[in-house]
Amino acid sequence: MSLQSIKYTRGSLEILDQLLLPVQSKYLPVRGVEDGWKVINKMQVRGAPAIAIVGCLSLAVEIHPEEFESKKSLRQELEGKLNYLVSARPTAVNMKIAADELLVLANDLTKDDDVDVAAMKQRFLNATEAMLKKDIADNRAIGAHGAKAILQRVAAAAGAPMSGPVRVLTHCNTGSLATAGYGTALGVVRQLSELGKLEHVYCTETRPYNQGARLTAYELVHEKFPATLVLDSMVAALLRAKNVAAVVVGADRVAANGDTANKIGTYQIAVVARHHDVPFYVAAPLTSIDLHIPSGDHIIIEERPDREMTHVGEHRIAAPGINCWNPAFDVTPASLITGIITERGVFKPAQLKEAITKLLET
Ligand SMILES: CSC[C@@H](O)[C@@H](O)C(=O)COP(=O)(O)O
């Protein structure tokens, strides 16, 4: 069974504390929005889809025991708390998109005279709970589309009818821990494995928070995938030496032109991949795509505390007194991206806006 980062039953939410992994596996109760904001901000839960799901479910557990005088007061509470949750981390767009969708629902229900306040609360709880199942289904579809695209490309390059098993590289953590389950980029790896087509997966350490070394490596060992950890500084050497067929990473926000914000270090991997003629794929659900911004220049990049760079756990590794710059994400230009793998298919960055707009219309 794959790892479970989020445990939810109506009225109760727990998250696997990712600050303690891989040394300790401990679930933390999330009793409401205040706890939800804190576990997201402190990165006890992280990964764009998981942030949105935990944020919304923290609101669900908070309102579950409450009684509301009117639909208007319920709607007001939802709006204020959703906006608060969006402020916990700025770069990933998933929480903002979820908040916008839930607010549209709340507004519609407020106006609907056939719905009373109890039914409105019920419908809101149902909508937040549906996110868990949908995320896993979306990730499975991403996995299937991504594995197919990579294998087809390898086969075409070799002029062969079918590809043999492939080696892939991934960055950060995009697996069960970063989602409701299965994973996005790691879902592609999982699908390659299910097809018997995964020769090897390489994961980067992902300094400074070490999502690769701590979390992805943990998932890969748990799944018994053939896997090797490399340092972030080894990617060029790896692509030169190890016949890697594709790079596949996740996304925190994809702009309308395909520019993609993802974990710091992603951009330089894309540059190196282009140099070595290795295809570079971004795997992300539609809930990570922000058509409201034309390009990556509009993405706010979160800057994290110096301590994440200067210390590993309690141990100081950097010279005291040195200045630090710690952006948590960077933006990979669309021109370096081979394809954006979504649950609805794989798109070239230049096709993304039109294709997604059409999909959303239907
Ligand atoms: C499916 S997770 C996609 C991204 O959120 C992931 O690649 C990433 O950058 C996570 O950053 P984090 O700072 O750990 O939340």
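For clarity, every value in this text was computed on a predicted model and none was experimentally measured.

K.L.:
Go over the domain arrangement of the protein chain with me, naming the residues and quoting the values.
P.N.:
For the protein chain, the assigned domains are domain 1 (6-133) and domain 2 (142-361). One C-alpha centre belongs to domain 1, the other to domain 2; they are set 27 Å apart. Each partner contributes to the interface: domain 1 provides 24 residues, whereas domain 2 provides 29 residues. Between domain 1 and domain 2 the total buried area reaches about 2,200 Å² when both faces are included, carbon and sulfur atoms providing 55% of it. Ranking the residues of domain 1 by area buried against domain 2 places Met 43, Arg 46 and Thr 91 at the top, with a combined share of 28%. Run the count over domain 1 and domain 2 and you get one salt bridge.

K.L.:
Give a detailed account of the packing of helix 2 (residues 48-63) against helix 4 (residues 94-111), specifying residues and quantitative values.
P.N.:
Two packed helices can be described by the angle between their axes and the distance between those axes. With their axes 8 Å apart at the nearest point, helix 2 and helix 4 run at an angle of 40 degrees to one another. One way to sum up the angle between helix 2 and helix 4 is to call them oblique. Here helix 2 and helix 4 pass one another in a crossing that is right-handed. Contacts between helix 2 and helix 4 involve Ala 48, Pro 49, Ile 51, Ala 52, Gly 55 and Cys 56 from the former and Asn 94, Met 95, Ala 98 and Leu 102 from the latter. Class assignment of the residues belonging to the contact of helix 2 with helix 4 gives a composition of eight nonpolar, two polar and no charged.

K.L.:
Quick one: what's the story with the sheet that holds strand 7 (residues 246-249), residue by residue and with numbers?
P.N.:
Sheet architecture is open: seven strands sit in the order 6-5-4-7-10-15-16, paired in mixed fashion. Looking along the sheet, the strands with just one partner apiece sit at the ends: strand 6 (227-230) and strand 16 (345-347). The sheet shows a mean angle of 25 degrees between the axes of neighbouring strands, taken without regard to direction. Sheet analysis places strand 10 (residues 280-283) next to strand 15 (residues 339-342), joined by three bridges and oriented parallel. The residue bridging Val 282 from the neighbouring strand is Ile 340, located in strand 15. Helix-sheet contacts for helix 6 (residues 185-194) involve strand 4 (166-170), strand 5 (198-204), strand 7, strand 10 and strand 15, and the interaxial angle to strand 4 is about 165 degrees. Relative to the sheet, helix 11 (residues 349-361) contacts strand 15 and strand 16, its axis offset from that of strand 16 by approximately 135 degrees.

K.L.:
Lay out the packing of helix 3 (residues 71-86) against helix 5 (residues 117-158) with the relevant residues and their values.
P.N.:
Running from N to C, helix 3 and helix 5 cross one another at 25 degrees; their axes reach a closest spacing of 9 Å. The orientation of helix 3 with respect to helix 5, classified from their angle, is roughly parallel. Two packed elements cross with a definite hand, and for helix 3 against helix 5 that hand is right-handed. In this structure, helix 3 uses Lys 71, Leu 74, Arg 75 and Leu 78 to contact helix 5, whose residues at the interface are Val 117, Met 120, Lys 121 and Phe 124. Residues of the contact of helix 3 with helix 5, tallied by class, amount to five nonpolar, no polar and three charged.

K.L.:
Would you mind going over the state of the cysteines in detail, with residue names and values included?
P.N.:
In this structure the tally under the stated criterion is zero disulfides. Lacking any disulfide linkage, Cys 172 is separated from the closest cysteine sulfur, that of Cys 203, by 11 Å. Here Cys 324 is not disulfide-linked; the sulfur of Cys 172 is the nearest cysteine sulfur, at 20 Å.

K.L.:
Break down the site of the ligand for me, with residues and values.
P.N.:
By nearness alone, 18 residues border the ligand, and Arg 46, Gln 211, Asp 252, Asn 262 and Lys 263 come closest of all. Within the side chain of Arg 89, a nitrogen or oxygen atom sits 2.8 Å from an oxygen atom of the ligand. The side chain of Gln 211 places a nitrogen or oxygen atom 2.8 Å from an oxygen atom of the ligand. Contact with the protein chains hides 99% of the accessible area of the ligand, taken as 420 Å² for the molecule alone. Among the detected pockets, the ligand sits in the largest cavity.

K.L.:
Can you lay out the packing of aromatic side chains for me, pointing to particular residues and giving the numbers?
P.N.:
The way to describe two aromatic rings as a pair is by their centre distance and the angle between their planes. Applying the stated criterion across every chain yields a total of one aromatic pair. Pairing Trp 37 with Tyr 84 gives two aromatic rings, centres 5.6 Å apart and planes at 10 degrees, and the pair type is stacked. Taken as a pair, Trp 37 in helix 1 (residues 33-41) and Tyr 84 in helix 3 lie far apart in primary sequence, 47 residues in all. For Tyr 84, a relative accessible area of 29% gives the class partly exposed. The ring centre of Tyr 27 lies 3.9 Å from the NZ or CZ of Lys 7, which sits over that ring. The aromatic ring of Tyr 209 is capped on one face by Arg 214, whose charged end is 4.6 Å from the ring centroid.

K.L.:
Before we move on, can you summarise the confidence of the model for the protein chain with the specific residues and values?
P.N.:
The pLDDT averaged across the protein chain works out to 97; a share of 100% of its residues lies at or above 70. For the protein chain, per-element mean pLDDT is lowest for strand 12 (residues 311-312), which scores 93, and highest for strand 7, which scores 99. Scored by ipTM, the complex comes to 0.99, with pTM at 0.97.

K.L.:
I'd like a rundown of the pairing of strand 5, residues and numbers included.
P.N.:
For strand 5, the tally of buried residues reaches six of seven residues, placing the bulk of the element in the interior. Bridge count for strand 4 against strand 5 is five bridges, and the pairing is parallel. Residue pairing for strand 5: Val 168 is matched across the bridge by Val 201. For the crossover that starts at strand 4, traverses helix 6 and ends in the parallel strand 5, the hand is right-handed. Of the pairings in the sheet, the one linking strand 5 to strand 6 comprises four bridges and is parallel in character. Following the sheet pairing, Tyr 202 is matched in strand 6 by Thr 228. In this fold, strand 5 hands off to helix 7 (residues 211-223), which returns the chain to strand 6; that crossover is right-handed.

So, how was this worked out
Numbering of residues starts from 1 in every chain and runs along the sequence as written. Reporting in this predicted model follows two pLDDT cut-offs: at least 70 for local features of residues, and 80 or more for side-chain atom pairs to be given and counted; totals over whole chains, interfaces and linings ignore these cut-offs and use all residues. For the side-chain quantities, the full set of heavy atoms in the structure was used; hydrogens and water were omitted. Those domain boundaries reflect an automatic or database domain assignment. Contact definition: two residues touch when any of their heavy atoms are within 4.5 Å. The quantity reported as buried area is the accessible area (1.4 Å probe) lost by two parts once they are put together, taken as the sum for both. What counts as a salt bridge is simple: a side-chain nitrogen of Lys or Arg found within 4 Å of a carboxyl oxygen of Asp or Glu. Structural elements are reduced to axes, namely lines fitted to C-alpha atoms, with helices fitted over the stretch in contact, and the angle between N-to-C directions of any two is expressed from 0 to 180 degrees. Numbering of helices and strands runs from the N terminus, with a helix taken as a DSSP run of H or I at least four residues long and a strand as a DSSP run of E at least two residues long. Throughout, the term roughly parallel applies to angles under 35 degrees, roughly antiparallel to angles over 145, roughly perpendicular to angles from 65 to 115, and oblique to all others. Crossing handedness is read from the near helix: turned anticlockwise from the far helix by less than a right angle, it gives a left-handed crossing, and turned clockwise, a right-handed one. In the scheme used here, Gly and all other residues not listed as nonpolar or charged are polar, with Ala, Val, Leu, Ile, Met, Phe, Trp, Tyr, Cys and Pro taken as nonpolar and Asp, Glu, Lys and Arg as charged. Two strands pair under a simple rule: DSSP has to find at least two bridges between them. Here, two cysteine sulfur atoms that lie within 2.5 Å of each other are counted as a disulfide. Near is defined per residue: the residue qualifies when any heavy atom it owns lies within 4 Å of the molecule or strand. Whenever two N or O atoms come within 3.5 Å, that pair is a polar contact, provided that in protein one can donate a hydrogen and the other can accept it, and provided that, for residues adjacent in sequence, both atoms are side-chain atoms. Each accessible area is a Shrake-Rupley estimate made with a 1.4 Å probe; only the visible protein chains count as cover when residues are assessed. Both cavities and pockets are sets of points on a 1 Å grid over the protein atoms alone; in a cavity a 1.4 Å probe fits but cannot get out, in a pocket the set is open with protein on both sides within 12 Å along at least five of seven lines, and lining residues sit with an atom within 4 Å of a point. Think of it this way: a molecule belongs to a cavity or pocket when more than half its atoms come within 2 Å of the grid points there. Aromatic rings from Phe, Tyr and Trp, taking only the six-membered ring of Trp, are treated as a pair when their centres fall within 6.5 Å; an angle between ring planes under 30 degrees marks them as stacked, one over 60 as edge-to-face, and anything in between as tilted. Relative accessibility under 20% of the residue-type maximum defines a buried residue, over 50% an exposed one, and the middle range a partly exposed one, all with a 1.4 Å probe and only protein chains included. Distance and angle both matter: a charge sits over a ring if NZ of Lys or CZ of Arg is within 6 Å of the ring centre and within 35 degrees of the ring normal. Looking at any residue, its pLDDT shows the predictor's confidence there, from 0 to 100. Crossovers are marked right-handed if the path from the first strand over the helix to the second runs clockwise, as seen with the strands pointing away from the viewer.

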